Amino acid sequence: LSAKYLWKGLYALHQQDIPNLNFRVYGTARAPPGPGRRKIREYIDRIPCEGSQCAHLKDFSDSIEYFQLKTTDQWTSICQKLNATGGKDGTLEKSRIFYLAIPPFAYDFVARQIHRQCRPANPSASLRVAFEKPFGHNYNSAQTLAKQLKELFLENEMLHVDHYLGKPVIRDLLEIRRQNPNLFNRRHVKRVDIVVREAIDVKGRTNFYNSVGVIRDVLQNHATEMLCLIGADIPTYYKSEEEKMALWERNKVTFLSSLKPLNPSQMVLAGRYQGYDSHVHSENGGPPYMPTFASAALTISDPQSSWYGVPFVLTSGKSTGLRESYIRVTLFPDRENAEKKAGEKLRPQRCSPPLDGKSDRWATCIGKGVLFYIQGEGKKAQINGLQMEIQGKSWRREAEDSWKFHGPAKPYDHLIQALISGNRASFAQTSSLLASWRVWDGIISAGETSPQNSSHFIYQPQDLTESVISITEDGILQLQRKSSASRSLHDGL
């Protein structure tokens, strides 16, 4: 993680030379000082640079200090150094940030060291502790972690990192919904698909993956966060950002709590790619029982909900033949079906922003659907049509009845800047994390009681690229082979 994203994001912040922003970076790990410093230098040397940028990169690299942190005494040493740093040049420390990319079993010890020894000496300085996923292994372990951390930190001192929340398209979802308040509900939406697919397999990583599986790896966190951004009610009346954040968190928990319990035999498809079993046996010798592909259909239990009856299909997998992430909101194909579903006559609904920036020309939202494209290979070249700008992101209208939204994927640049500025909107909070675990805990537990699960289908990449996920009238998920005239999962618009 740090090799690919964190050091690049920190360097991107260093490059900006923001006025009145002075910060120092300390790298820590269990490795001794020599190997630890060499590893950081190795990571930073991988960051591309040209001309004068390389000198700037070297300055950044030279400014980083490394500390080995394994014992309480080592924590005492670095905390004393941090507390002695502020004020030497006439400045005071304003905030202290700890970014923890560590396994959950280490949270308690590290958190207690931070609380007991490493809070800022300046009483007006803020403390922020960022936790990378995974946050627990199941609901019970996550609940235990939450209880331990609550004894040490205030909720506004903790930020749970989900890098999908830093992706530009994801950051714009709530704004898109605000501009289209009458579109995202059961009156117009037939189905919502949230898809995260990887082309690579997990060879060389099965010691990790066979204890986690695709549900823990993606569906319980990334996909569920995107689900909330599409389905949870948006706060409308609030007096402050703090109140807005509290309302949004409450609405996320309410939405997740309203989802029907998943029935493994009907509402979930799970499989393992061909070759996974042999990878597991050759690397750790254990039974291969964790799915590498899963699709689940979630529905709302409350008949009064604006989403009642709309299936949310969350899908993710490894070795699927494609690397792509998207949210597809499929609308009813015509007004008649939409009116039948809603049980009332519908007024024409309109999409915003306007097609060409003029208030008198809007796109009609009664069409096939909306696709929020998050990442993938070569997709930008396939998106043509009239371009619009909102918050610096490209929105393109591809056809008379469909929209595609896309943006660059540099989430850690945004998340690191959000950490520095104290913007908590791009991070998950504890209560909704626990609510997410409750959604998936039953499915995870059921799968773990059946090693070499016979219900898993074995697939090759082409089996998924040539198939679609369908839902029967009885609510059963099926993987169906596409006809020659069918289109792929992501271009079903």
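Residues numbered from 1 in each chain as written. Predicted model: local features only at pLDDT ≥ 70, side-chain atom pairs only at ≥ 80, totals over all residues. Heavy atoms only, no water.

A. The arrangement of the overall build of the chain in detail. A tally of regular secondary structure across the chain gives 16 helices and 19 strands. Burial statistics for the chain: of 493 residues in total, 49% are counted as buried. Across the chain, contacts joining residues at least 24 apart in sequence account for 76% of those joining residues at least 6 apart. Approximately 24000 Å² of the chain is accessible, and the part contributed by carbon and sulfur atoms is 49%. (Helix = DSSP H or I, 4+ residues; strand = E, 2+ residues; numbered from the N terminus. Buried < 20%, exposed > 50% of the residue type's maximum accessible area, 1.4 Å probe, protein only. Contact = heavy atoms within 4.5 Å. Areas by Shrake-Rupley, 256 points an atom, 1.4 Å probe, with all protein chains shown as cover.)

B. Focus on the state of the cysteines. Applying the stated criterion across every chain yields a total of two disulfides. Here Cys79 engages in a disulfide with Cys118; their sulfurs sit 1.9 Å apart. Where Cys79 bonds to Cys118 through sulfur, the torsion about that S-S bond is close to -105 degrees, and the disulfide is left-handed. On the criterion of sequence distance, the pair formed by Cys79 in helix H4 (residues 72–85) and Cys118 in the loop between helix H5 (107–117) and strand E4 (126–132) is long-range, its members being 39 residues apart. Take Cys79: its relative accessible area is 1%, and that puts it in the buried class. (Disulfide = S-S within 2.5 Å.)

C. Here's a closer look at the sheet that holds E4. Spatial strand order, E3-E4-E5: three strands in an open sheet with parallel pairing. Every other strand in the sheet has two partners, leaving strand E3 (95–100) and strand E5 (158–161) as the edge strands with one partner each. Averaged over all neighbouring strand pairs, the angle between strand axes comes to 20 degrees, with direction disregarded. Bridge analysis of E3 against E4 gives six bridges, and the strand direction is parallel. If you follow Ser95 over to E4, its bridge partner there is Ser126. Relative to E4, helix H14 (residues 411–421) is tilted by about 155 degrees, and along the sheet it contacts E3, E4 and E5. (Pairing = 2+ DSSP bridges. Axes fitted to C-alpha atoms, helices over the stretch in contact; angles between N-to-C directions.)

D. How the structure looks around the packing of helix H9 (residues 213–231) against helix H10 (residues 241–257). Contact geometry of H9 with H10 gives a least axis separation of 10 Å together with a crossing angle of 105 degrees. The angle between H9 and H10 places the two elements in the roughly perpendicular class. For the pair H9 and H10, the contacting residues are Thr224, Glu225, Leu227, Cys228, Leu229 and Gly231 in the first and Trp248, Lys252, Phe255 and Leu256 in the second. Here the contact of H9 with H10 is built from residues that sort into six nonpolar, two polar and two charged. (Parallel < 35°, antiparallel > 145°, perpendicular 65-115°, else oblique. Nonpolar A, V, L, I, M, F, W, Y, C, P; charged D, E, K, R; others polar.)

E. How the structure looks around helix H3 (residues 52–63). The terminal C-alpha atoms of H3 lie 17 Å apart, and with 12 residues this matches the ideal 16 Å at 1.5 Å per residue to within 8%. The complete set of buried residues in H3 reads Leu57, Phe60 and Ser61. Take H3 and look down its axis: the buried residues cluster within an arc of 100 degrees, on one side only. (Expected span 1.5 Å × (residues − 1). Arc of directions from axis to C-beta.)

F. View of the packing of aromatic side chains. Across all of its chains, the model carries 13 aromatic pairs by this definition. On the numbers, 5.5 Å between centres and 70 degrees between planes, the contact of Tyr273 with Tyr276 is edge-to-face. Take Tyr273 and Tyr276: they sit in the same class, and that class is buried. Ring pairing ties together the aromatic residues Tyr107, Phe131 and Phe135, which thus form one cluster. (Phe/Tyr/Trp six-rings, centres within 6.5 Å; stacked < 30°, edge-to-face > 60°.)

G. Here's a closer look at the side chain of Glu132. Counting through the fold element by element, Glu132 comes out in strand E4. Although Glu132 is buried, it forms no salt bridge, and the closest oppositely charged side chain is Lys133 at an N-O distance of 6.9 Å. (Lys, Arg positive; Asp, Glu negative; His and termini not counted. Salt bridge = Lys/Arg side-chain N within 4 Å of Asp/Glu carboxyl O.)

H. Local environment of the environment of His14. Tracing the backbone through its elements, the reader meets His14 in helix H1 (residues 2–16). Looking at His14, the relative accessible area reads 25%, which means it is partly exposed. Not counting the four nearest positions on each side in its chain, His14 is found in contact with Phe23, His56 and Phe60.

I. View of the pairing of strand E9 (residues 312–317). Taking burial as the measure, the six residues of E9 include six buried ones, the bulk of the element. Neither face of E9 is left uncovered, since the one carrying Phe312, Leu314 and Ser316 and the one carrying Val313, Thr315 and Gly317 both have all their residues buried. Across six bridges, the pairing between strand E6 (residues 189–197) and E9 is parallel. Among the inter-strand pairings, Arg197 is bridged to a residue of E9, identified as Gly317. As judged from the six bridges shared by strand E8 (residues 293–298) and E9, these two strands associate in the antiparallel manner.

J. Structural view of the side chain of His222. If you trace the backbone, His222 turns up in helix H9. Contacts of His222, omitting those with residues within four sequence positions, involve Lys133, Asp162, His163, Tyr164 and Asp217.

K. Structural view of unusual backbone geometry. The omega angle of the peptide bond from Lys133 to Pro134 is 5 degrees, so this bond is cis rather than trans. Within the fold, Pro134 resides in the loop between E4 and helix H6 (139–150). The phi dihedral of Ser319 is positive, around 55 degrees, even though this residue is not glycine. Relative to the helices and strands, Ser319 resides in the loop between E9 and strand E10 (324–331).

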